[in-house]
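# What the coordinates show
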Amino acid sequence: ATPTAVMVATGVGANNGVLIKGGDALERAQKIKYIIFDKTGTLTQGKATVTTAKVFTGMDRGEFLRWVASAEASSEHPLAKAIVEYARHFHFFDEPSATEDGQNNSKESITSGWLLDASAFTALPGRGIKCFIDGKPVLVGNRKLMTENGITIPTHVETFVVELEESANTGILVAFDDNLIGVLGVADPLKRETAIVIEGLHKMGVKPVMVTGDNGRTARAVAQEVGIQDVRAEVLPAGKAEVIRSLQKDGSVVAMVGDGINDSPALAAADVGMAIGAGTDIAIEAADYVLMRNNLEDVITAIDLSRKTLSRIR
Ligand code: ADP
Ligand code: MG
């Protein structure tokens, strides 16, 4: 492309909230064959909410939620934030003093130290977290976390988790003192425009691929709702860039759309990296395109812009 074409395209992009960092990326975008989407926060809103809290022992549900929230309180993961938020509300509405006198003493109730002390907190990427409460080990995470720590998943628990996953929820397992005691279901709604953007990409001859650390069943349920056939699930954070490189092997031009710290190596490895503007700074830095409006329709705008401006001047 001529410098003028690049300048024009960059200007049109900027007017539409698509920031283009250089002519090379603009040039490559017209030849995109695969476009890899991170699931959480890219295809979905990244606003996970707890839909189910099931206790399999005689433990009180409020106590169960207190333990789980105490264990997750130190985690930055969106799933952890959803769990703590849910437990906080549960305890707030459970607290008679908070509502009986009609006074708005919510601040006190919310921060009245309902969390227990957790020690030796460890985050295990792609798995969950581990810590100790009352000197006993607490594990919160997926199946891999449980099996790696020698926790058996009883059949009725497995059946329950499978049901959650088939309805696009992520099942989070909770073990206390080496016994599986409960399961949480967490759902993250799709962005409004996701399905229509995927349909548009198919029509443009671009193949959408989903990549996620989440389990296969949940990932496939979400993918089916939006029309993505190619799903790469249970990919550890370091593995996303590996997926890109494998698709590039036959010379295909591969784009990546992501928002998280997890996504930055993949955004850098891709021929065209597109970061969601509301994403983390590290992702934005690693990308060639920044979608400022946080709307996936701008993925199509970006490809269109490249195809149109570059073909016109040839
Ligand atoms: P992604 O961001 O692509 O969804 P992650 O690698 O962050 O994937 O997480 C993968 C899986 O690991 C999650 O779906 C969940 O099952 C588990 N996990 C990770 N962190 C936590 C946590 N703090 N609490 C519970 N589960 C977790
Ligand atoms: Mg993400």
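Residues numbered from 1 in each chain as written. Chains lettered and ligands numbered in written order. Predicted model: local features only at pLDDT ≥ 70, side-chain atom pairs only at ≥ 80, totals over all residues.

### Quick word on the overall build of the protein chain
The following threshold applies: Secondary structure elements are defined from DSSP: runs of H or I of at least 4 residues count as helices, runs of E of at least 2 residues count as strands, and each element is numbered from the N terminus. Exposure criterion: with C-beta atoms placed from backbone coordinates, a residue whose C-beta has 20 or more other C-beta atoms within 10 Å is buried, one with 12 or fewer is exposed, and one in between is partly exposed. C-beta atoms are placed from the backbone for every residue, and two residues are taken to be in contact when these atoms lie within 7 Å.
Counting its regular elements, the protein chain contains 15 helices and 13 strands. Seen along its three principal axes, the alpha-carbon backbone of the protein chain occupies a region of about 70 × 45 × 35 Å. Evaluated residue by residue, the protein chain yields a buried proportion of 41% over its 314 residues. Across the protein chain, every contact between residues at least 6 apart in sequence was considered, and the portion connecting residues at least 24 apart equals 58%.

### Section: helix H12 (residues 239-248)
Going by this rule: By construction, the arc corresponds to the directions joining the helix axis to the C-beta atoms.
For H12, every residue scored as buried is listed here: Lys240, Ala241, Val243, Ile244 and Leu247. The buried residues of H12 all sit within an arc of 155° when viewed along its axis, so they share a single face. Opposite the packed face of H12, turned more than 90 degrees from it, sit the exposed residues Arg245 and Ser246. At its buried positions, H12 is contacted by strand S2 (32-38), strand S9 (207-211), strand S10 (230-232), strand S11 (253-258) and helix H13 (264-269).

### Concerning the sheet that holds strand S5 (residues 128-133)
To keep things clear, this is the line we draw: Whether two strands pair comes down to DSSP finding at least two bridges between them. Axis definition: a line fitted to C-alpha atoms, over the contacting stretch in the case of helices. Angles run 0 to 180 degrees between N-to-C directions.
A sheet is described by the order of its strands in space; here six strands give the open sequence S3-S8-S7-S6-S5-S4, paired in antiparallel fashion. Each of the sheet's edge strands pairs with one partner strand only, and the pair in question is strand S3 (49-55) and strand S4 (118-124). Looking at each pair of strands side by side, their axes are set apart by 15° on average, direction ignored. Seen against the sheet, helix H9 (residues 155-166) touches S3, strand S7 (170-176) and strand S8 (179-187) and runs at an angle of roughly 5° to S8.

### Thoughts on the nonpolar core
Worth spelling out the cut-off: The term nonpolar core means buried Ala, Val, Leu, Ile, Met, Phe, Trp, Tyr and Cys residues held together as one set by C-beta atoms within 7 Å.
Residues Ile36, Ala255, Met256, Met274 and Tyr289 are the most contacted members of the largest nonpolar core, which totals 53 residues. At five residues, S2 tops the list of elements feeding residues into this core. Setting aside residues up to four positions removed in sequence, Ala255 forms contacts with Ile32, Ile35, Ile36, Ala270, Asp271, Val272 and Met274. Core analysis: the next-biggest nonpolar cluster, separate from the first, contains 35 residues, Val161, Ile181, Val183 and Val186 among them.

### Re the sheet that holds S2
Pairing within the open sheet is mixed, and its seven strands lie in the order S1-S13-S12-S11-S2-S9-S10. Every interior strand has two partners, whereas the edge strands, strand S1 (18-20) and S10, have only one. Within the sheet, the average angular offset between the axes of one strand and its neighbour, ignoring direction, is 20°. Here S2 pairs with S9 via five bridges, running parallel. Following the sheet pairing, Ile36 is matched in S9 by Val209.

### So, the site of ligand 1
What counts, and what does not: By definition, a residue lies near a molecule or strand provided its backbone-derived C-beta atom is within 6 Å of it. Following the grouping adopted for this structure description, the nonpolar residues are Ala, Val, Leu, Ile, Met, Phe, Trp, Tyr, Cys and Pro, the charged ones are Asp, Glu, Lys and Arg, and the polar ones are all others, Gly among them.
Neighbouring ligand 1 are 22 residues; His77, Ala80, Gly128, Asn142 and Gly213 lie closest to it. Those elements giving two or more residues to the shell around ligand 1 turn out to be helix H3 (39-43), helix H5 (78-94), S5, strand S6 (136-141) and S7. Class assignment for the residues of the shell around ligand 1 results in seven nonpolar, eleven polar and four charged.

### A look at unusual backbone geometry
With phi around 70°, Ala168 is a residue other than glycine that occupies positive phi space. With respect to the element layout, Ala168 can be found in the loop between H9 and S7. For Ala168, a count of 23 C-beta atoms within 10 Å puts it in the buried group. The backbone of Asp178 sits at a positive phi, close to 70°, despite the residue not being glycine.

### Digging into the pairing of S6
Where S5 and S6 come together, six bridges link them in antiparallel fashion. Its bridge partner lying in S6, Ile133 is registered against Lys136.

### Focus: helix H1 (residues 3-15)
Definition in use: Take the residue count of a helix, subtract one, and multiply by 1.5 Å to get its expected span.
In this model H1 runs 18 Å from its N-terminal to its C-terminal C-alpha over 13 residues, within 8% of the 18 Å that 1.5 Å per residue would give. Where H1 terminates, the next one or two residues include Gly17, which has phi positive at roughly 75°.

### A short note on the environment of Val157
With respect to the element layout, Val157 can be found in helix H9. Taking C-alpha positions, Val157 is 8.1 Å from Gly182, a pair spaced 25 residues apart along the chain. With sequence-adjacent residues up to four places away left out, Val157 is seen in contact with Phe56, Leu180 and Val183.

### Regarding the packing of H9 against helix H11 (residues 216-226)
The following threshold applies: In these notes the angle categories are as follows: under 35 degrees is roughly parallel, over 145 is roughly antiparallel, 65 to 115 is roughly perpendicular, and the rest is oblique.
As a packed pair, H9 and H11 sit with axes 7 Å apart at the nearest point and diverge in direction by 25°. It follows from the interaxial angle that H9 and H11 lie roughly parallel. Here Val162, Glu165 and Glu166 of H9 come into contact with H11, specifically with Arg217, Thr218 and Ala221. Along the lines of polarity and charge, the residues of the contact of H9 with H11 split into two nonpolar, one polar and three charged.

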